[in-house]
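Here's the letter readout for the chains.
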Amino acid sequence: MGTDNRHVIRSASLVGRCTAVSRLLGLVRMVLMGAMFGTSAVHSAFIIAFRIPNLFRRLFGEGALSAAFVPLFVEAIEKDGRSGTWKLATAVLTLLGVLLAGIVVVVTGALSVI
């Protein structure tokens, strides 16, 4: 097995371990919230308030964006080197930031009218 393969395996293992820790901490959070708030209106409001941000995290952080971006990023490393790769990453992150900021402004404006 080559050095590059070991590096990829080590990196994938790190991501897997961090994901497992994140899921366990999420479980602990939910158990503690259930113990503190039960089925109260406050707990329901918290769950509803975080439904939209969690949707965007799933779409942009764990879903389609990462599935599309990683192959392009690897291809850019091979074709354009590091400088071209970071230009691509900066452009994607800037576009994503502007898009999400726009969504936040629209949703906040819509909620303030209600």
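Criteria and cut-off values
- Residues numbered from 1 in each chain as written.
- Predicted model: local features only at pLDDT ≥ 70, side-chain atom pairs only at ≥ 80, totals over all residues.
- Heavy atoms only, no water.
- pLDDT = per-residue confidence, 0-100.
- Helix = DSSP H or I, 4+ residues; strand = E, 2+ residues; numbered from the N terminus.
- 1 Å grid on protein atoms, 1.4 Å probe; cavity = no way out; pocket = protein on both sides within 12 Å on 5 of 7 lines; lining within 4 Å.
- Points joined across faces, edges and corners; volume = space filled by probe spheres on them.
- Nonpolar A, V, L, I, M, F, W, Y, C, P; charged D, E, K, R; others polar.
- Buried < 20%, exposed > 50% of the residue type's maximum accessible area, 1.4 Å probe, protein only.
- Contact = heavy atoms within 4.5 Å.
- Phe/Tyr/Trp six-rings, centres within 6.5 Å; stacked < 30°, edge-to-face > 60°.

**A short note on the confidence of the model for the chain**
Looking at the chain, pLDDT values average 83 and 96% of them are 70 or higher. Across the chain, element-level confidence peaks in helix α1 (residues 3–37) with a mean pLDDT of 86 and bottoms out in helix α3 (residues 51–61) with 77.

**Comments concerning the layout of surface pockets**
It is a probe the size of a water molecule, rolled over the atoms, that shows where empty space is left. As a volume, the largest pocket reaches approximately 430 Å³. When residues of the lining of the largest pocket are traced back to their parent elements, those giving at least two are α1, α2 (41–49) and α3. Ranked by the residues each element gives to the lining of the largest pocket, the list is headed by α1, at 6 residues. A class-by-class count of the residues in the lining of the largest pocket yields 5 nonpolar, 4 polar and 6 charged. Estimates place the volume of the second largest pocket at around 310 Å³. Along its surface, the second largest pocket is lined by 10 residues, and H7, F73, V74, I77 and R82 are the ones closest to its centre. Elements with a minimum of two residues in the lining of the second largest pocket: α1 and α4 (64–113). When residues in the lining of the second largest pocket are grouped by element, the largest group, 7 residues, is from α4. Taken together, the residues of the lining of the second largest pocket sort by class into 5 nonpolar, 2 polar and 3 charged.

**Focus on the environment of V70**
One can find V70 in helix α4. You can call V70 partly exposed: its relative accessible area is 47%. Distance in space between the C-alpha atoms of V70 and L99 is 20 Å, their sequence separation being 29 residues.

**Comments concerning the environment of F60**
Tracing the sequence through the fold places F60 in helix α3. Measuring from C-alpha to C-alpha, the distance between F60 and T39 comes to 30 Å, with 21 residues separating the pair along the chain. For F60, the residues in contact, after removing those within four places along its chain, are L65, S66, L96, L99 and L100.

**So, the environment of I9**
Within the secondary structure, I9 is located in helix α1. The spatial distance from the C-alpha of I9 to the C-alpha of N54 is 28 Å, given a sequence separation of 45 residues.

**Focus: the side chain of H43**
Among the structural elements, H43 can be located in helix α2. Sequence-distant contacts of H43, defined by excluding residues within four places in its chain, comprise M33, F37 and G38.

**A look at the packing of aromatic side chains**
For the structure shown, the criterion picks out 3 aromatic pairs. The interplanar angle of 35° and the centroid separation of 5.4 Å between the aromatic rings of F69 and F73 together place this pair among those described as tilted. Taken as a pair, F69 and F73 lie in helix α4 at a separation of 4 residues, close to a single helical turn. With centroids separated by 5.6 Å and ring planes inclined at 70°, the aromatic side chains of F73 and W86 adopt a geometry described as edge-to-face. An aromatic cluster is present here, built from F69, F73 and W86 joined pairwise through their rings.

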